[in-house]
Each structure stands twice: as structure tokens, then as C-alpha cells.
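Listed below, chain by chain, are the residues.
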Amino acid sequence: MKSLVYHGPRGVQIDDKPHPSIQHQEDAIIRITSTALCGSDLHLYHGTVPGMQPGQTLGHEFMGVVDEIWPEVHEVQVGDKVLIPFNICCGHCSPCMHKRPMVTM
Amino acid sequence: MSSSLRGAASVFSIDHWPIRLEKTRDLGAETINFDNDDPVDIIKRETSRKGAICFDAVGYEAVGHMAGNASDGTAMNNGEKENHDDSKVGNPAYDPGNPLQVISWMCQVAKRNSYVSIPGVYGSGYDQFPLGVFFNRGLQIHMGQGPVKKYNERLLHLIETGRIDATKIISHTMNLIEAPKAYSMFDKKRRRYKNCIQTMSRM
């Protein structure tokens, strides 16, 4: 699949990467239909965010269609159109249950 | 857009990039260019000194102290530091070296006992703070990454029913294959691509 890959400060290009696979019982694979470019993406692009490594895939504001899910995922179904919040979260702790997931980062 | 939706009688947008001021004017805001006018003075006057509900949507990348590292506040000059004529700024207390300039302006004009919101990004190095003014004016601060999941559904309904048109802030739509070009355009928006506000890619 096509990915936008970081190769170093101000160096990004479209590379082919292996198709992702379902690995966890809460996983879903989303086929991205559109994505936005955020000011925070420029922090990554400039290489000023600690931990950025060449080879990492960029992008965090996107929408798409559910392509594949763990068989027991019930909240979404294959074919659903979904919009992805940028917050990285576990989905189970108290802040997540109160829909304030940025606290869990 | 959100302020109008929440019923604000008037919305002020403070910036010094003409293209962004123009965009917010199109969306219904009154604009203040801080290179020509003093935002503190204008907001005090326009609100009859009652103050406004304020939010800082800039974060650490404001004029004079951008291009630093979000996590430690140091200047690394990796970004594009704006070539800015500090002598033009309308506010007499403007300090180009103060990383909290926006917040210090905000707390002077915030309505007493109101919430001041800071969705703009700051790192842990930004630790100097006008505590006294906040205390005296009884202000409370909400800040951090937006709790997107809390508002997602409500916002989606507003888009579906046509109450807000989120496409108004998209200036460029490109194919995903052109993403490297989109990054470069967005990065160089200060110099060459003056009209690049938000870029979107499609497959």
C-alpha cells in the first residue's frame, strides 16, 4: 500500500509498505479516503519531535472506510465510513470513558 | 466559526498575516492586525471594558519565538522563523522575546471570572506565567489537546445538517500521491504560498 514516509527533516516521500494486518482484538484497518495536513505534522516534518525515526509513516487527521476488523469488534462494521480523532488513547480508563482521552497520553 | 455557533455577538480575530485575517473576515469575524493596532486597547474599548471570552489558538509558534522544539521550548531554528518588524506592533508592552505574549494579552482583556482556553500547543519549557493577573481577574484556564471524542458526534451533526461548512477552511485539495508537495507548500506558506491555510489530500 502507498504510505507517506518520513526520511529525515523536510524529507518525505510516497513509499510502498506492506498492507497492515489485524493483530489485536480491538483492531480495525481503515482504508483512508481523505486526510488533512495539520500544523503538528510540520513539527514532525521539521524533525523537532523527539523520537522521529526515518521510515515512520506520517498523517493523523483522516477519514475512511472500515476494511477489516477483529471478528469480535462490534462498534464498527466493515464498510462503515469513519472519522478518526487524533488522540491516542486506550479506550478503557476513566478519562477515556468520560471521553477526555487526551489525558491518557 | 465555533464562536459564532455558540452565540457570540461579535468575534475578533487577531493576527498579522493578511491572508488569514481575510479568511476569518469571510467567516464573519472582525479582524485586528496587531502590526497596526493594539489588540488589548481595541478589545477593552469594543467590550466597554467588560472583556471578552478568549482563546489562544497560536501556541508556541507565535511571532518571535516560533521554530523551537515543542517539548523543551528551545529555539532550534529548524522551522521558518518569521522575519518580523517588531517596531511596528501596536501594543506598547509587546515583547518579541516573551513566549507567552499572546497569553499576557489575553488575560488583560478576558472577561472577569471567565474561562480562558488554550488549544494552541505549548511544551514543558514554557513555564513562565502571568499568575498575578490570572488570580486578580479570577480566570480559569482550559487547555490541552482537544477532547475530540467528546465533541465528534455533535460536530458531525452540525456538518450534516449544514449549520457549519467545514470546507471553508480548506484552501488546497490534492491527490495523496502529491503529499510531499503538500508538505513543502504548507511548510513554505510564509514565503511562497501565501494562500495556503489548510491542505487536504484525497486518494
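Draft legend 1. Spatial organisation of the pattern of salt bridges. Residues and elements named next belong to chain B. Overall, the coordinates contain 5 salt bridges over all chains when judged by the stated rule. Here Arg20 and Asp15 are joined by a salt bridge, their closest N and O atoms 2.7 Å apart. Among the salt bridges present, the one from Arg45 reaches Asp41, with a minimum N-O distance of 3.7 Å. Of this pair, Arg45 and Asp41 are both found in helix 3 (residues 39-46), 4 residues apart, which corresponds to roughly one turn of the helix.

Draft legend 2. Local environment of the sheet that holds strand 3 (residues 54-55) of chain B. All names here are of chain B. Taking strand neighbours across the sheet as the criterion, the 3 strands line up as 3-4-5 in an open arrangement whose pairing is parallel. The sheet terminates laterally at strand 3 and strand 5 (140-143), the two strands that pair on one side only. Relative to strand 4 (residues 115-118), strand 3 runs parallel, the two being bridged by 2 bridges. For Cys54, the partnering residue across the bridge sits in strand 4 and is Val116. Along the sheet, helix 4 (residues 101-109) contacts strand 3 and strand 4; its crossing angle with strand 4, the most-contacted strand, is approximately 160°.

Draft legend 3. A look at a nonpolar patch on the surface. Together, Met63(A), Leu83(A), Leu156(B) and Ile159(B) line one region of the surface with nonpolar side chains, adding up to about 310 Å² of accessible area. Looking at the element boundaries, Leu83(A) is found in strand 5 (residues 81-83). What makes Leu83(A) partly exposed here is its relative accessible area of 41%.

Rules used throughout
- Residues numbered from 1 in each chain as written.
- Chains lettered and ligands numbered in written order.
- Predicted model: local features only at pLDDT ≥ 70, side-chain atom pairs only at ≥ 80, totals over all residues.
- Heavy atoms only, no water.
- Salt bridge = Lys/Arg side-chain N within 4 Å of Asp/Glu carboxyl O.
- Helix = DSSP H or I, 4+ residues; strand = E, 2+ residues; numbered from the N terminus.
- Pairing = 2+ DSSP bridges.
- Contact = heavy atoms within 4.5 Å.
- Axes fitted to C-alpha atoms, helices over the stretch in contact; angles between N-to-C directions.
- Patch = residues over 30% accessible without salt bridge, like charges linked within 9 Å, V, L, I, M, F, W, Y side chains within 5 Å.
- Areas by Shrake-Rupley, 256 points an atom, 1.4 Å probe, with all protein chains shown as cover.
- Buried < 20%, exposed > 50% of the residue type's maximum accessible area, 1.4 Å probe, protein only.

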